[in-house]
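# Geometric and topological summary
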Amino acid sequence: GAVVSQHPSWVICKSGTSVKIECRSLDFQATTMFWYRQFPKQSLMLMATSNEGSKATYEQGVEKDKFLINHASLTLSTLTVTSAHPEDSSFYICSASSDRYADREPQHFGDGTRLSIL
Amino acid sequence: DAKTTQPPSMDCAEGRAANLPCNHSTISGNEYVYWYRQIHSQGPQYIIHGLKNNETNEMASLIITEDRKSSTLILPHATLRDTAVYYCIAGAILTGGGNKLTFGTGTQLKVEL
């Protein structure tokens, strides 16, 4: 159990376009979802935390108008990178958390989305 | 969350035990020690966690010192597929979910023939 699916796994697009990344919890209801960004040879950096039906909480330095997060249901969260530029190229990873598994595994991670902006 | 310190890299021969240390000298009484690993270009994978007692599962063992200021993750028989970055994280379990994890730089474990 506790599978998190992320889509797409890889996307290349032109500078100035917007890109949407989906994160789904397939077999459990995720009370909280997290979005991370990882640059090459660096660790995961938390971008934002979102609870279903609420506005996301962004980490310091993350532009909320640039990275739009929607968590409309207990199984789906989306991250939209608006007007993407080459410096937004990165590996984006989502994770999901549930009360059901809180005492075993605090976050279940997707396999990430490799975003390349040309 | 308490800060953790890990060596940047370690090597291990295949079939041998890999012992990965972690220091968390400022850990609070309600914070667990979690271990995740990340194989290149994938999302992190949960390995094990513990509070005070040593823990073992099908993947690894976790040894926590009595004062809880450090711990060691043990992969009993490392294979080439265990080559990954291993992250040690200290964090509290929050009621209602939303357990925030702060990733440090981790240890790059390289398992070789």
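Predicted, not measured: the structure shown is a model, and the values here were computed from it.

Let us now look at the interface of chain A and chain B. Each side of the interface is counted separately: chain A has 24 residues, and chain B has 21 residues. Both sides of the chain A and chain B interface together cover about 1700 Å² of buried area, and 53% of this is carbon and sulfur. Our count for the chain A to chain B interface comes out at 0 salt bridges. At the junction of chain A and chain B, the tally comes to 4 residue pairs in polar contact (both at pLDDT 80 or more). For the side of chain A that touches chain B, the elements supplying multiple residues, two or more each, are strand E4 (32-38) and strand E9 (90-97) of chain A. Tallying contributions element by element places E4 of chain A first for the side of chain A that touches chain B, with 4 residues.

Once that is clear, we can look at the environment of Val4 of chain A. All names here are of chain A. Mapped onto the fold, Val4 is located in strand E1 (residues 4-7). Using a relative accessible area of 10% as the deciding quantity, one classes Val4 as buried. As a C-alpha pair, Val4 and Phe109 span 105 residues in sequence and 6.0 Å in three-dimensional space. In this view, Val4 contacts Cys23, Arg24, Phe28, Cys94, Ala96, His108, Phe109 and Gly110; residues no more than four positions away in its chain are not counted.

Throughout the structure, instances matching the rule amount to 2 disulfides over all chains. In this model Cys23 of chain A forms its disulfide with Cys94 of chain A; the gap between the sulfur atoms is 2.0 Å. With the S-S dihedral at roughly 80 degrees, the linkage between Cys23 of chain A and Cys94 of chain A falls on the right-handed side. With Cys23 of chain A in strand E3 (residues 19-25) and Cys94 of chain A in strand E9, this pair connects stretches of sequence that are 71 residues apart. For the pair Cys23 of chain A and Cys94 of chain A, one class covers both residues: buried. Cys22 of chain B shares a disulfide with Cys88 of chain B; S-S distance 2.1 Å. Between Cys22 of chain B and Cys88 of chain B, the disulfide has an S-S torsion of -80 degrees and is therefore left-handed. With Cys22 of chain B in strand E2 (residues 18-23) and Cys88 of chain B in strand E8 (residues 84-92), this pair connects stretches of sequence that are 66 residues apart. Cys88 of chain B matches Cys22 of chain B in its accessibility class, with the two residues each being buried. Sulfur of Cys13 of chain A: no disulfide; nearest cysteine sulfur belongs to Cys94 of chain A and is 18 Å away.

What counts, and at which threshold
Residues numbered from 1 in each chain as written. Chains lettered and ligands numbered in written order. Predicted model: local features only at pLDDT ≥ 70, side-chain atom pairs only at ≥ 80, totals over all residues. Heavy atoms only, no water. Contact = heavy atoms within 4.5 Å. Buried area = accessible area lost by both parts, 1.4 Å probe. Salt bridge = Lys/Arg side-chain N within 4 Å of Asp/Glu carboxyl O. Polar contact = N/O pair within 3.5 Å; in protein donor to acceptor, adjacent residues only side chain to side chain. Helix = DSSP H or I, 4+ residues; strand = E, 2+ residues; numbered from the N terminus. Buried < 20%, exposed > 50% of the residue type's maximum accessible area, 1.4 Å probe, protein only. Disulfide = S-S within 2.5 Å.

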